[in-house]
Amino acid sequence: MSTTLILGVGNTLLGDDGAGVHVARQLQDAGLTEGVRVLDAGTLGFALLPEVQDCGALIVVDAARDGLAPGSVTVREGGAMDAFVCRRGRSVHDVGIADLLAMARLSGQLPARRALVGIEPAAVEWSMVCTPAVAEALPVALARVRELLEEWRDDCRAHEMTHGG
């Protein structure tokens, strides 16, 4: 089984913008299952490209503007994730995520399984803590990440059983 990479994206100095990093840290503290790697990706960078190219599946956790109530958690997989991060104004990091995915695609090493777990921010301003709505959403986002991991793991097991892998 290949590695699933979880990137927690955001700036923890900008309140709700750090939501993805907070979720990643909670995952690290809870202990990881085999085949899962969690990185605090901060505000991204092309240095992460080899990490993305080498993983079998990718989950990005980030503050994502979707016009929903603050603290709402959304999950977008595959092409839906790609389309969302390519739209302007959704997140401070969308261009970075979109560029990272585009570079992996151009190299022929874009993970087929990829998802964005987005948390609707209430405020992106100087603060070391998330707003109450986003703080309450962090366990929900964490649960969504765990659900994706379990779903993908079950799909892999079913494929192996069906195809003798």
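Up top you'll find the structure we're talking about.
Parameters and conventions
Residues numbered from 1 in each chain as written. Predicted model: local features only at pLDDT ≥ 70, side-chain atom pairs only at ≥ 80, totals over all residues. Heavy atoms only, no water. Helix = DSSP H or I, 4+ residues; strand = E, 2+ residues; numbered from the N terminus. Expected span 1.5 Å × (residues − 1). Buried < 20%, exposed > 50% of the residue type's maximum accessible area, 1.4 Å probe, protein only. Phe/Tyr/Trp six-rings, centres within 6.5 Å; stacked < 30°, edge-to-face > 60°. Lys NZ or Arg CZ within 6 Å of the ring centre and 35° of its normal. Pairing = 2+ DSSP bridges. Contact = heavy atoms within 4.5 Å. Arc of directions from axis to C-beta. Axes fitted to C-alpha atoms, helices over the stretch in contact; angles between N-to-C directions. Salt bridge = Lys/Arg side-chain N within 4 Å of Asp/Glu carboxyl O.

*Asks:* Outline helix 1 (residues 19-30), listing residues and values.
*Replies:* Between its first and last C-alpha, helix 1 extends 17 Å over 12 residues, near the 16 Å set by a 1.5 Å rise per residue. Where helix 1 is concerned, the buried positions are Ala19, Gly20, Val21, His22, Val23, Ala24 and Leu27. At the C-terminal side of helix 1, glycine 31 shows a positive phi close to 90 degrees.

*Asks:* Please set out the packing of aromatic side chains residue by residue, giving values where relevant.
*Replies:* Enumeration according to the criterion identifies 0 aromatic pairs in this entry. The ring of phenylalanine 84 carries the charged tip of arginine 76 above its face, separated from the ring centre by 4.0 Å.

*Asks:* Describe the pairing of strand 5 (residues 113-119), naming the residues involved and giving the relevant values.
*Replies:* Across the 7 residues that make up strand 5, a large majority, 6, are buried. Both strand 3 (residues 57-63) and strand 5 contribute to a ladder of 7 bridges, which runs parallel. Looking at strand 5, one finds that alanine 63 is bridged to isoleucine 119. Looking at chain direction, strand 4 (residues 73-77) and strand 5 are connected through 5 bridges and run antiparallel. Paired with valine 73 across the two strands is isoleucine 119, which belongs to strand 5.

*Asks:* Describe in detail the environment of glutamate 120, supporting the description with residues and values.
*Replies:* Along the polypeptide, glutamate 120 turns up in the loop between strand 5 and helix 5 (132-163). A C-alpha to C-alpha distance of 6.5 Å links glutamate 120 and valine 73, two positions 47 residues apart in sequence. Residues in contact with glutamate 120, not counting those within four places in the same chain, are Ala64, Arg65, Asp66, Gly67, Leu68, Ala69, Pro70, Gly71, Ser72 and Val134.

*Asks:* Now, about helix 3 (residues 78-86): what can you tell me, with residues and values included?
*Replies:* What helix 3 keeps buried is the set Gly78, Met81, Asp82, Phe84 and Val85. For helix 3, the angular spread of buried residues about the axis comes to 165 degrees, placing them on one side. Structural note: helix 3 exposes Gly79 and Cys86 on the side pointing more than 90 degrees away from its buried face.

*Asks:* Break down the sheet that holds strand 3 for me, with residues and values.
*Replies:* The 5 strands are arranged 2-1-3-5-4 in an open sheet whose pairing can be described as mixed. Because the sheet does not close on itself, it has two edges, and the strands there are strand 2 (36-42) and strand 4. Direction aside, neighbouring strands of the sheet carry axes that sit 15 degrees apart on average. Two strands pair when backbone bridges link them, and strand 1 (residues 4-9) and strand 2 are joined in this way by 6 bridges, in the parallel orientation. Pairing of leucine 5 across the sheet is with arginine 37, part of strand 2. Across the sheet, helix 1 lies against strand 1, strand 2, strand 3 and strand 5, angled at about 145 degrees from strand 2, the strand it touches most.

*Asks:* Break down the pattern of salt bridges for me, with residues and values.
*Replies:* Under the criterion given, the structure shown has 7 salt bridges. Notably, a salt bridge pairs glutamate 147 with arginine 144, separated by 3.7 Å at the nearest N-O pair. One end of the pair is glutamate 147 and the other is arginine 144, both in helix 5 and 3 residues apart, which spans about a single turn. Look at arginine 144 and you get partly exposed, because its relative accessible area is 30%. Here the salt bridges do not stand alone but share partners, grouping Asp82, Arg105 and Arg114 into one network.

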